[in-house]
Amino acid sequence: MNKDDFLYPRGRYYGHVKPENLVFNANLQEFAQRISYICNLETGGKLTPDEAYEEIKALWQQLKRTKQQLQIGDNPFEDNDKDSKS
């Protein structure tokens, strides 16, 4: 097993396959993994609660920017072309 696969596992994507959804899903999985590390560091006393909060806040802002840049709507699994198929 590759060390990176062990440290940074990726789940399979089961949603509507569109490039922006796949990119956002990868970013969301990375966000969750990094949050887990921050929580563990804070629990272990390596980060203060304030440092952990600031790190999580920065990651959240980065995820929000990614969502906006990818133009992910309220329902990222909705087919935008369904009106043209009718």
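Here, the structure is the one placed above.
In this report, we go over the structure that sits alongside the text.

Reading guide: rules and limits
Residues numbered from 1 in each chain as written. Predicted model: local features only at pLDDT ≥ 70, side-chain atom pairs only at ≥ 80, totals over all residues. Heavy atoms only, no water. Helix = DSSP H or I, 4+ residues; strand = E, 2+ residues; numbered from the N terminus. Buried < 20%, exposed > 50% of the residue type's maximum accessible area, 1.4 Å probe, protein only. Expected span 1.5 Å × (residues − 1). Arc of directions from axis to C-beta. Salt bridge = Lys/Arg side-chain N within 4 Å of Asp/Glu carboxyl O.

## Brief notes about the side chain of Gln29
So, point 1. Relative to the helices and strands, Gln29 resides in helix H2 (residues 19-43).
So, point 2. Accessibility expressed as a relative area gives 19% for Gln29, which makes it buried.

## Observations concerning helix H3 (residues 49-69)
So, point 1. An ideal rise of 1.5 Å per residue puts 30 Å on 21 residues; H3 measures up with 30 Å between its terminal C-alpha atoms.
So, point 2. All of the buried residues in H3 are Ala52, Leu59, Leu63 and Thr66. What you see down the axis of H3 is that its buried residues fit within an arc of 55 degrees, all on one side. Within H3, the exposed residues directed more than 90 degrees away from the buried face are Asp50, Tyr53, Gln68 and Gln69.
So, point 3. Two residues or fewer past H3, Gln71 is found with a positive phi of approximately 55 degrees.

## Quick word on the pattern of salt bridges
So, point 1. For the coordinates displayed, the defined rule picks out two salt bridges.
So, point 2. Here Lys18 and Glu20 are joined by a salt bridge, their closest N and O atoms 3.4 Å apart.
So, point 3. With a closest N to O distance of 3.9 Å, Arg34 and Glu30 form a salt bridge. Of the two residues, Arg34 and Glu30 are both situated in helix H2; the distance of four residues between them amounts to about one turn of the helix.
So, point 4. Take Arg34: its relative accessible area is 36%, and that puts it in the partly exposed class.

Bear in mind that shape data such as this cannot, by itself, settle questions of function.
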